[in-house]
Amino acid sequence: MADLAAGRTGTVWRSRGGEGRSTRTLRLRTSAVLLTATVLAVLLVPPLVRLDQQAVDLAAKLEAPGWDHPFGTDDVGRDLLLRCVYGLRVSLLVGVAAALTATVVGTAVGATAGALGGWVDRGVMRVVDALSSVPHLLMGVFIVAMFRPGVWPVVASVALTHWLSTARIVRAEVLSLRARPHIDAAVSGGASRWRVTVRHLLPGVLPQAATAAVLMVPHAMWHESALSFLGLGLPTHTASLGNLIQEARGSLLAGQWWPTLFPGLFIIVPTLAVAGLAGAWRERINPRRRSELML
Amino acid sequence: MARLAGRRALFAVPVVLVVTFGVFAIAAASPFDPVKGYAGTAALGADQETLDRLRDNLGADQSFVVRWWHWLTSALTGDLGHSTVLRQPVTQVIGERLVWSALLCAVAFAVAVTLGTLLGVSAARRPGSTLDRAVTSLAYTLEAAPVFWIALLAVWLFALQWDVLPAGGLTDTASARVTPGQVAGHLVLPAGVLAVSQLPWFTLYVRQGVADALAEDPVRGARARGVRERTVLVQHALRSGLLPVLTLIGSRVPELITGALLVESVFSWPGIAAATVEAATAVDFPLLAALTTLATAAVLAGNLLADLLYGLFDPRVKLSEM
């Protein structure tokens, strides 16, 4: 999961000359359609469909998927399709917020380290290395345990564990940019260090940082649902996909599989779509690396 | 090799210092009161004087740097503090549970590596074939699926629908003693699920490595000499294709710990990861701090293992130069 979301296995996606252009285009289109559908559902369903996801209907509790309820109902008769869409909305929101925070922090740290260089750079990167040695979920669990409950502790715990990779990417990019002639020109033109960083280095880094941020969203969603599933994440009245799976444990042990199955599918689909798009995007900007395995 | 290990151990010291310092800093910034956490519900009825004495005993008034230093020095003597939720010394909690976690992770990892090699090689034999596509798609889907979700569905299928495997725990509820047979039976599902969660990564990398190796000149040469296809695959392609993957095994420790955390909590496996969740729910700081440090140490050991394997398997790398 970590690799997939970080786009690290993105190039494994393509086999070596084995599949044609059409397969690739098909995959790109499927990913785009799925992602658009996800985003539209999350944005449009709540305001358009005036249905209450919390509407309890005990007469219709734990109904199997059927015409009235395509995904079935949960143990108090709430429609699962609606619950899943709302859950995806919460998960996506937390994912985007966490990815944005992590990207801002990571870009700031990475750019500072790269632009200043010297012992600041070495010191900062050693700390980044040290913090990367803690498994993300464990650190996240620790942070959430100390600050729970609520949405912001979850966002903070995911963001605080994920800015490290962005910081590395941004620093590397800044270091390579620093060697370019236009930076030399700016420096010899008398621009201050701050001005060079903000006006010349940061804009050059943005595409990389933005790609990293997009790839981080599914990963952050995964993290949020894992925390919520462990009972350490979001409070139950803002049910995310992880909360839905957690709540479904009781019905699962009674033999009802649908309250567990569908929220999970709602996590898988956007993750695969983003990974598919990222793979296609990387191929377009750098076709030579097609068969190269990114480690 | 001993020198490399020694140098890595030295490098681990500042890492552990930074990580534990960070842990204490986060705890200091937290609104959570360690005294109330220690006293639990008893704090509600206690008078201020008792609470103050307890605060003094716990050293909660000192700055977190002082507490961090105190914790570090006593950790060196083997005293990691007292778990408030389990009412046991932290070292005892870890000692009792580490074995079960290690067993789970080792079995799962062995299964993932074996199965991943088989699947990866069979997919790499004919890139683009139906088998290759099936394996690759399955790997991507499994990689995207949350491991706790897979675990729950596995419980539903194997324990409830088919009733062939126990749904959780270490032994049957009726049994008072831990017997190897029972543990083996209860291990199948958690280890299987954990293996499935590690499988996609391994399969995809083996597939890529072997497919790349199959397109290289030595393989073409071997085929041209009329070497059997099986020999080409196993002795040429697999050997060079598996090499980069083997060296990455050590760096998979974080993912393994993450997976174990979730799998253990679904299956009520009495391991160390399940204790983490318990500790987090009850804001048991001493236990959480020790477990975070332990996980960091495991990750560092994994990195060392990766380096050592790299040197052992790749004759071009000299360990003395690393």
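Residues numbered from 1 in each chain as written. Chains lettered and ligands numbered in written order. Predicted model: local features only at pLDDT ≥ 70, side-chain atom pairs only at ≥ 80, totals over all residues.

1. Observations concerning the overall build of chain A
A count of helical and extended segments in chain A gives 11 helices and 0 strands. In sequence order, the secondary structure elements of chain A are arranged as α-α-α-α-α-α-α-α-α-α-α. Counting over 295 residues, chain A shows a buried share of 47%. For chain A, long-range pairs separated by at least 24 residues make up 71% of all intrachain contacts whose partners lie at least 6 apart in sequence. (Helix = DSSP H or I, 4+ residues; strand = E, 2+ residues; numbered from the N terminus. Buried ≥ 20, exposed ≤ 12 C-beta atoms within 10 Å, placed from the backbone. Contact = placed C-beta atoms within 7 Å.)

2. Quick look at the overall build of chain B
Within chain B, the secondary structure is distributed over 14 helices and 2 strands. Here chain B, with 322 residues, has 39% of them falling under the buried criterion. A separation threshold of at least 6 residues defines the contact pool for chain B, and within that pool the share at least 24 residues apart is 72%.

3. Quick look at the packing of helix 6 (residues 90-125) of chain B against helix 13 (residues 272-281) of chain B
All names here are of chain B. Remark: helix 6 packs on helix 13, axes separated minimally by 7 Å, with the N-to-C direction vectors making an angle of 130°. Comparing the axis directions of helix 6 and helix 13 gives the class oblique. Across the interface between the two elements, Val93, Ile94, Arg97, Leu98 and Ser101 of helix 6 pack against Ile272, Ala273 and Ala275 of helix 13. Classifying every residue of the contact of helix 6 with helix 13 gives 6 nonpolar, 1 polar and 1 charged. (Axes fitted to C-alpha atoms, helices over the stretch in contact; angles between N-to-C directions. Parallel < 35°, antiparallel > 145°, perpendicular 65-115°, else oblique. Nonpolar A, V, L, I, M, F, W, Y, C, P; charged D, E, K, R; others polar.)

4. Digging into the confidence of the model for chain A
All names here are of chain A. The pLDDT averaged across chain A works out to 81; a share of 88% of its residues lies at or above 70. The element-level mean pLDDT for chain A is lowest in helix 1 (residues 2-5), coming to 44, with helix 3 (residues 80-116) highest at 91. Across residues 1-18 the pLDDT falls below 50, and counting only partners more than four positions away or on other chains, this stretch makes 56 contacts in the model. Segment residues 288-295: pLDDT under 50, and 11 contacts once partners within four positions in sequence are set aside and those in other chains are kept. (pLDDT = per-residue confidence, 0-100.)

5. With respect to the environment of Thr114(B)
Residues and elements named next belong to chain B. Within the secondary structure layout, Thr114 lies in helix 6. Take Thr114: there are 13 C-beta atoms within 10 Å of it, and that puts it in the partly exposed class. Taking the C-alpha atoms as reference points, Thr114 and Arg225, separated by 111 residues in sequence, lie 30 Å from one another.

6. Looking at the interface of chain A and chain B
Counting from both sides, the interface comprises 47 residues of chain A and, opposite them, 49 residues of chain B. Broken down by secondary-structure element, the contributors of at least two residues to the side of chain A that touches chain B are helix 1, helix 4 (118-132), helix 5 (136-147), helix 8 (193-229), helix 10 (249-253) and helix 11 (258-285) of chain A. If one sorts the elements of the side of chain A that touches chain B by residue count, helix 5 of chain A sits on top with 10 residues. Counted by class, the side of chain A that touches chain B contains 31 nonpolar, 12 polar and 4 charged residues.

7. As for the nonpolar core
Ranked by internal contacts, the top residues of the largest apolar core, which has 162 residues, are Val141(A), Phe142(A), Phe148(B) and Ala151(B). What Val141(A) contacts, discounting residues up to four positions off in sequence, is Leu227(A), Leu230(A), Leu232(A), Thr276(B) and Ala280(B). (Core = buried A, V, L, I, M, F, W, Y, C linked by C-beta atoms within 7 Å.)

8. Concerning unusual backbone geometry
Residue and element names in this part refer to chain B. A positive phi angle is found at Ser268, which is not glycine, with a value near 50°. Considering the arrangement of structural elements, one finds Ser268 in the loop between helix 12 (253-267) and helix 13. A residue is classified by how many C-beta atoms lie within 10 Å of it, and Ser268, with 14 of them, is partly exposed. For Val283, which is not a glycine, the phi torsion comes out positive at approximately 45°.

9. Some points on helix 9 (residues 180-214) of chain B
Residue and element names in this part refer to chain B. In this model helix 9 runs just 43 Å from its N-terminal to its C-terminal C-alpha over 35 residues, more than 12% under the 51 Å that 1.5 Å per residue would give. Residue Leu199 marks the point of greatest curvature in helix 9, where the axis turns by about 40°; the proline Pro200 follows within four residues. A large share of helix 9 lies buried, amounting to 27 of its 35 residues. (Expected span 1.5 Å × (residues − 1). Bend = angle between axes of the 7 residues up to and from the residue.)

10. Some points on the confidence of the model for chain B
Looking at chain B as a whole, the pLDDT averages 83, with 89% of positions reaching at least 70. Our summary of model confidence lists the complex with pTM equal to 0.85 and ipTM equal to 0.85.

11. Some details on helix 11 (residues 229-248) of chain B
Each turn of an α-helix holds 3.6 residues, which means side chains three or four residues apart point in the same direction. All names here are of chain B. With 20 residues, helix 11 should cover 28 Å at 1.5 Å per step; its first-to-last C-alpha distance of 27 Å lies within 8% of that length. At Leu238, helix 11 shows its maximal kink, close to 45°. Turning to helix 11, its buried residues number three or more, namely Val232, Leu233, His236, Ala237, Leu238, Gly241, Leu242, Val245 and Thr247. Looking at the buried side of helix 11, the elements it contacts are helix 6, helix 9, helix 10 (217-224) and helix 14 (285-313).

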